[in-house]
Amino acid sequence: MTGRCIIIQLTYLDLYLPSWKLETKSARLTALIDPVKKEAFEELCAAQDLTPSQVVRQLIRGYLEQHGVTYKTKSTLGSRTRRKTA
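Residues numbered from 1 in each chain as written. Predicted model: local features only at pLDDT ≥ 70, side-chain atom pairs only at ≥ 80, totals over all residues. Heavy atoms only, no water.

Some points on the overall build of the protein
Here is step 1 of the chain: Counting secondary structure elements, the protein contains two helices and two strands.
Here is step 2 of the chain: Each helix (α) and strand (β) of the protein, taken in turn from the N terminus, gives the series β-β-α-α.
Here is step 3 of the chain: In the protein, buried positions account for 17% of the 86 residues.
Here is step 4 of the chain: Residue pairs in contact within the protein that sit at least 24 positions apart in sequence constitute 63% of those at least 6 positions apart.
Here is step 5 of the chain: Looking at the protein as shown, the accessible area adds up to about 7800 Å², and 56% of this sits on carbon and sulfur atoms. (Helix = DSSP H or I, 4+ residues; strand = E, 2+ residues; numbered from the N terminus. Buried < 20%, exposed > 50% of the residue type's maximum accessible area, 1.4 Å probe, protein only. Contact = heavy atoms within 4.5 Å. Areas by Shrake-Rupley, 256 points an atom, 1.4 Å probe, with all protein chains shown as cover.)

The structure is reproduced here in structure tokens:
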């Protein structure tokens, strides 16, 4: 590969998932891609009103599903414990 590579760091929380599918913690994934592909990818994401991080997370979930890989996802959103009243 010639030329420069751009490092993309993904740390956004995907707000387009139903609340029961939201991850509670995030981890960083760093990928090196060609700058021209990065620009084209970012433009396409913007045209679809999505962040690059959201699209990459969708791709990862689809890839895992395609290969039959299961994983746990747990959300604490909307799962408040109710106080007992006297």
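Brief notes about the packing of helix 1 (residues 35-47) against helix 2 (residues 52-66)
Here is step 1 of the chain: Relative orientation of the contacting elements helix 1 and helix 2 amounts to 95°, with a least axis distance of 9 Å. The orientation of helix 1 with respect to helix 2, classified from their angle, is roughly perpendicular. Between helix 1 and helix 2, the residues in contact are Phe41, Glu42 and Cys45 and Pro52, Val55 and Val56, respectively.
Here is step 2 of the chain: The class makeup of the residues in the contact of helix 1 with helix 2 is five nonpolar, no polar and one charged. (Axes fitted to C-alpha atoms, helices over the stretch in contact; angles between N-to-C directions. Parallel < 35°, antiparallel > 145°, perpendicular 65-115°, else oblique. Nonpolar A, V, L, I, M, F, W, Y, C, P; charged D, E, K, R; others polar.)

With respect to the pattern of salt bridges
Here is step 1 of the chain: Per the stated rule, a full pass over the model turns up one salt bridge.
Here is step 2 of the chain: Among the ionic pairs, glutamate 42 bridges to lysine 38, the shortest N-O distance being 2.6 Å. Here glutamate 42 pairs with lysine 38, and both are found in helix 1, just four residues apart, close to one helical turn.
Here is step 3 of the chain: Overall, lysine 38 belongs to the buried group, its relative accessible area being 17%. (Salt bridge = Lys/Arg side-chain N within 4 Å of Asp/Glu carboxyl O.)

Nothing here speaks to function; it is all geometry.
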